[in-house]
Amino acid sequence: MANIENTTTENAQDAIKIQDLFYLFLSKWPWFVISLAVCLGIAVTYLIITQPVYTRTASILIKDDSKGSSATAGMEAFADLGLFATNTNVNNEMGTLESPDLMREVVSRLHLETDYHVNESFRRQTIYGNQLPIRVFFTDLPENETATFTLQLSADGSVFLSEFERVIEGERVKLDNEVTGILNQPLSSPLGEILVIPTSFFTEGTEAEIYVSHRSLRDVVDDYVKQLTVSQNDDKSNIIVLSFKDVSPQRAEDLLNTLISVYNESWVKDKNRVAVGTSMFINERLEMIEGELGNVDDDISSFKSENLLPDVQAMASLYITQANEANISIEALNNQLYMARYVMSYLTDEENKFQLLPANSGIENQNLAAQISEYNDLLLERNSLVNQSSTRNPLVMEMDAALSGMRSALASSMDNQIVALNEQIRSQQSLGGLATSQISSNPEQAKYLLSVERQQKVKEALYLYLLQKREENELSQAFTAYNTRIITMPGGSMIPTSPVKRNILLMAFLLGLLIPGVIIFVQENMNTVVRGRKDLEGLPIPFIGEIPLAFRKKGKLFSRKPKEEKYVVVVKEKSRNVINEAFRVVRTNLEFMLGKGKSNVIMFTSINPGSGKSFICYNLSTSYAIKGKRVLALDLDLRKGSLSEFVGQPEIGISNYLAGETDTIQDILFKSFDNERLDIIPIGKIPPNPTELLFTERLEQLIEFGRQNYDLVFIDCPPVEIVADATIINKLVDTTLFVIRVGLLDRAMLPEIKQFYLDKKFNNMSLILNGTENSGGRYGAKYKYKYKYGYRYGYKYGYGYSGYTEDY
């Protein structure tokens, strides 16, 4: 049960704190209005001067040929070339699309290193595509240098270039030169030769002022790579989504389209690398064999012409038939032997260590063909890895070791193949020799001619074979398709991605409320002085009432320093404003404490100077006088004499009486200027020994005179912490009103005031809170609404006041 009560109490306290904070903020509403106006103004200005950024997206499908069996019959016919057995890794392709090298090619093709801007109402707007009437080309400016200038395009087609700037070693240097010229003609400028060319969107009579800026190619590439986002549609999908943000939606679409095209070209080029190597090898061999074949033809023709030989084949057809059969076999074997030796020499040549072996060697050995294909695949993978890293990469070194082993194995297999071919050739040659022996009686010329014709047939067969392989290789390149298929063309909404107006305005609105709120909250929590009635709730001292601040300095809403209140009479007869009602409340509470039928002597004191003792003393005295009471006000603050100012600070007063300079009290009595029932005894001349004067018997006689002749005696005393006067005077009074000034007394002094009460240092001690602000402070704000509604309620019955027009 106790826990429930504690929780309820804590909740109630929290609610009160929130309510106090609300009243505090409400009292400072002008600052919130100003802050909102400034923040929203800054936000609107930002939205006006900032170019909107648009997002364009495209989606492409990365083909994975290893998972499909829909390849055409034509593609399957060239599968031995290794061009259609690819397992594409989507993550690798995403990395390739984000490559700076790919973006560099895109920037170069679209000339994006040069930007064009025009002035609009409040900002410079980027123009591109159909908005751009001209293009500027820098002939001599290095690609990694930054420069700007202004181009004035006239209706007659002339151009005027000015305001040249160039960035040299990180510093922007202005160049004062001005250049005049016409379109399509080179212009000599401080930036080198410049060519201004009209675009297809240029129209005659166009006039424009264009700001041209050429940026470093490296910086442009880096910026565009950062603006590009490459993501996968989902983990199991081969669809890649490309997003690009730019101030020009058309430029963003062109960039995505070009990026996809460059990627496809790069992919095809990479995949055709084996075919290109094979094509180069075949072309080299064809050129060599073509020359050799021409020489053989020339030898045969010359020999027959010189020796007038008949048709030897017709004469010795019987014997040659058998020899031809052997020769056919020898020719085929020689072809294979020739290719085997060439591949062997190509394999053992250190210069070709990391070059691809011919894929179609013509060697009729399936094991050797498989080994060559496997070696080429591993070499391609190794070279690709070297391009992305270096030869010191552990994976590259591991592949080099594997390639070295494979080369050794290939060399061994090739040696075995050459030995086997030689044995077969010798076998066929022995068979051919038997046939040749049968025609040994033929002329030596026939023998020579037969040998030459044999060479001719071998070279013809080899030449035709290589021609066929070259055509097959060209067809395989033509059949290589793009790796991607566009799913969604680049496009997007014309609503800008940033800045988002709603978010910025909302943020500005929140900041406009937060900034003054935080400042007020921090200021209020750093304030250590008494702020209002709530700070006095922990004191057991009777509370008489509170007096609102009568005057406050204008224009300082956060200032707690009040305007000086001395010598101001705020209590007026028949006045019903807030401060008069406050004094009536204090008067009523004081009457209740004092009781009826007694003459009472009341002293005012405080801890701090400037707490408003004299102000309250005089105005409370006036309030009692208005009610019909005879009141005597004594100014016993002999060091300052503030109360005496209300009667003009006369030269004679209480100090003269206490010093024995006058014996008649009537000589030091002065009527108040504001009410004839109020008498005031000023201090007269400020004495040099005020404390000694207070110990005289005359002070007691004077107070006794007041008791006998007046309903109330009010004494204005000095602060208790400065001099001992208040303690001396307190022995002669009935009641002590301790004045606490809002915004002046440090809260750390409240325990000391409490101790005064507990120790009964002052007779019948009570508190008056002075200077409550009706529009400032955490507690003063609440006071404002209390009086606004409380006194209106009183007016309803004829004695209150419905509002107030003064600054209290």
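Residues numbered from 1 in each chain as written. Predicted model: local features only at pLDDT ≥ 70, side-chain atom pairs only at ≥ 80, totals over all residues. Heavy atoms only, no water.

Caption draft 1: Just the nonpolar core, in detail. Counting 45 residues, the largest nonpolar core has Leu-634, Ile-654, Ile-715, Phe-738, Ile-740 and Ile-753 as its most contacted members. In terms of residue count, helix α19 (residues 697-709) provides more of this core than any other element does, four residues in total. When sequence neighbours within four positions are dropped, the list of residues in contact with Ile-715 reads Val-601, Ile-602, Met-603, Phe-604, Cys-617, Leu-634, Leu-636, Ile-703, Ile-729 and Val-733. In terms of nonpolar packing, the next biggest core, distinct from the first, is built from 37 residues, Ile-363, Ala-411, Tyr-463 and Leu-466 among them. (Core = buried A, V, L, I, M, F, W, Y, C linked by side-chain atoms within 4.5 Å. Buried < 20%, exposed > 50% of the residue type's maximum accessible area, 1.4 Å probe, protein only. Helix = DSSP H or I, 4+ residues; strand = E, 2+ residues; numbered from the N terminus. Contact = heavy atoms within 4.5 Å.)

Caption draft 2: How the structure looks around the sheet that holds strand β9 (residues 186-189). The antiparallel open sheet is built from three strands, whose spatial order is β4-β10-β9. Where the open sheet ends on each side, the last strands, each with one partner, are β4 (134-138) and β9. Averaged over all adjacent pairs, the angle separating strand axes in this sheet is 30°, with direction ignored. (Pairing = 2+ DSSP bridges. Axes fitted to C-alpha atoms, helices over the stretch in contact; angles between N-to-C directions.)

Caption draft 3: Region of the structure containing helix α4 (residues 90-97). Within α4, burial applies to Val-90, Glu-93, Met-94 and Leu-97. Looking down the long axis of α4, one finds its buried residues gathered within 105° of arc, a one-sided arrangement. Taken together, the buried residues of α4 touch β1 (54-62), α5 (100-110), β12 (228-232), β13 (239-246) and α7 (249-271). (Arc of directions from axis to C-beta.)

Caption draft 4: Molecular detail of unusual backbone geometry. Look at the link from Ser-498 to Pro-499: it is a cis peptide, with omega at -5°. Within the secondary structure, Pro-499 is located in the loop between β14 (484-491) and α14 (501-526). Positive phi values are uncommon outside glycine, yet His-111 reaches one of about 55°. Counting through the fold element by element, His-111 comes out in the loop between α5 and β2 (114-119). Residue His-111 is classed as partly exposed on the basis of its relative accessible area of 31%. The residue Asn-184 is not glycine, and still its phi comes out positive at about 70°. With respect to the element layout, Asn-184 can be found in the loop between β8 (179-182) and β9.

Caption draft 5: Region of the structure containing the pairing of strand β17 (residues 631-635). Within β17, five of the five residues are buried, which leaves it mostly tucked inside the rest of the structure. Across the two faces of β17 the burial is the same, with Val-631, Ala-633 and Asp-635 and Leu-632 and Leu-634 all buried. Where β17 meets strand β19 (residues 678-681), four bridges bridge the pair, whose relative direction is parallel. When the sheet's bridge partners are listed, Leu-632 is paired in β19 with Asp-679. The sheet contact formed by β17 and strand β20 (residues 712-716) spans five bridges and is parallel. When the bridges of β20 are listed, Asp-635 appears paired with Asp-716.

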